[in-house]
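Results of the structural survey
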Amino acid sequence: MLVISSENGGIGLPAAMAALRGGGSAVDAVEAGIRCVESNAADHSVGVGGLPNLLGVVEVDASIMEGATLRAGAVAAVRGYEHPISIARQVMERLPYVLLVGEGAELFAAECGFPRARLETDECLAMWREQLQRILSADQYLKLVRREGLIEATDALVEQSKRGHGTTNLIAVDAQGHIAAGVSTSGLGLKYPGRVGDSPLIGAGNYADDRYGAATCTGYGEMAIRAATARSLVLYMKMGMSLVEAGMEAMRDLRHVGVPWPRGMNLIAVDKDGHHWGASSREGNVYLYMTEDMAEPARAPRVHVPLEG
Ligand code: GLY
């Protein structure tokens, strides 16, 4: 049994491993682990305390995929719910769909009985206000307060490359060897309302197939969408590449995606034999892993794959 996550997902790996040790499935482990990160208000890239959009509202996205069946569920641009990963799982299990967005996803969450929650903490609202005031002119800021000039504000933020992004992801392999993968995020900080990144898009930020392995992304979501990064990595393994070769190829694909901001992508992946691997376009990044014989998660270096040039 194995669970791996992005560095900020380490807080959830013991819960994920406990789910597996208790006889839970890989899907159970992914949900249990990611819920811990979503509740962590100190993490400003996921769930409670996430960085708000341009108008000061936290909108969250998540997806989950079951490698045994290729079933998947996802939600995007959801407001007011702490655990989008659990809503995504319910989409997978209770609806004949993969993705619900916005108001419809919130209606579904209410129907499933999920409690409403306030995701905008005082700390994240203070960060939001400080960033807007620092980056935008006084006129641009006042327009935003009137819900005007959002395109102009987006342009200003692109030019100054000041926006943060972050996400959590987790891949689990259960006692039966089944694989599941999940991703959860509040998306790009200061995003245009309704902007959706790679995290809830199956094939872009998340993919799992028991026959070959799984991959999940964190980073600049538009890049992973345009290169179909998670599915590409798994497909490269299907075509005969090793986990490392497939991961390197999926990262190198991103060099061909032209973007207005500095490039950034991080992958974690497993193959069908339980090997794990991570890569990052930034030097010095790590991911975390835990097997059934470990008392706590350990860090593993991500291979550095520069995307510039
Ligand atoms: N990778 C998360 C996002 O771009 O929204």
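Before reading further, recall that the structure is shown in the block above.
Below or above, wherever it landed, is the structure these notes cover. (Residues numbered from 1 in each chain as written. Predicted model: local features only at pLDDT ≥ 70, side-chain atom pairs only at ≥ 80, totals over all residues. Heavy atoms only, no water.)

**Some thoughts on the site of the ligand**
As a matter of local geometry, the ligand sits amid Thr167, Gly187, Leu188, Arg195, Gly197, Asp198, Ser199, Gly219 and Gly221. Thr167 is positioned such that a nitrogen or oxygen atom in its side chain is 3.3 Å from a nitrogen atom of the ligand. Summarising the interface, the protein chains cover 100% of the accessible area of the ligand, which totals 200 Å² for the free molecule. Taken together, the residues of the shell around the ligand sort by class into one nonpolar, six polar and two charged. (Near = heavy atom within 4 Å. Polar contact = N/O pair within 3.5 Å; in protein donor to acceptor, adjacent residues only side chain to side chain. Areas by Shrake-Rupley, 256 points an atom, 1.4 Å probe, with all protein chains shown as cover. Nonpolar A, V, L, I, M, F, W, Y, C, P; charged D, E, K, R; others polar.)

**Structural notes on the sheet that holds strand β6 (residues 179-185)**
In space, the eight strands of this open sheet follow the order β4-β3-β2-β6-β5-β1-β11-β12, with mixed pairing throughout. Both outer strands of the open sheet, β4 (99-101) and β12 (298-301), are each paired with one neighbouring strand and no more. Strand-to-strand twist across the sheet, computed as the mean angle between neighbouring axes with direction ignored, equals 15 degrees. Pairing analysis gives six bridges linking strand β2 (residues 60-66) to β6, with the strands arranged antiparallel. Across the sheet, residue Ser63 finds its bridge partner in β6, namely Val183. Where helix α3 (residues 84-94) meets the sheet, it contacts β2, β3 (71-78), β4 and β6, and its direction lies at approximately 135 degrees from that of β3. Packed on one face of the sheet, helix α4 (residues 102-112) meets β3 and β4 and runs near 105 degrees to β4. (Pairing = 2+ DSSP bridges. Helix = DSSP H or I, 4+ residues; strand = E, 2+ residues; numbered from the N terminus. Axes fitted to C-alpha atoms, helices over the stretch in contact; angles between N-to-C directions. Contact = heavy atoms within 4.5 Å.)

**Comments concerning the state of the cysteines**
If you walk through the whole model with that rule in mind, you get zero disulfides. The cysteine Cys36 is free of any disulfide, with Cys124 supplying the nearest cysteine sulfur at 20 Å. Exposure remark for Cys36: the relative accessible area of 26% places this residue in the partly exposed category. (Disulfide = S-S within 2.5 Å. Buried < 20%, exposed > 50% of the residue type's maximum accessible area, 1.4 Å probe, protein only.)

**A short note on helix α10 (residues 243-253)**
Leu243, Ala246, Gly247, Met248, Ala250 and Met251 are the residues of α10 that are buried. Where α10 is buried, its residues meet α9 (229-238), β9 (265-271), β10 (276-280) and β13 (303-304).

**Examining the packing of α9 against α10**
Two numbers describe how α9 lies on α10: the axes approach to 8 Å, and their chain directions differ by 145 degrees. Relative to α10, α9 is oriented so that their crossing is right-handed. Contacts from Thr229, Ser232, Leu233, Tyr236 and Met237 of α9 reach α10 at Leu243, Ala246, Gly247, Glu249, Ala250 and Asp253. Looking at the contact of α9 with α10 residue by residue, the class counts come to six nonpolar, three polar and two charged. (Left-handed = near helix turned anticlockwise from the far one by under 90°.)

So yeah, pure geometry; function would need other evidence.
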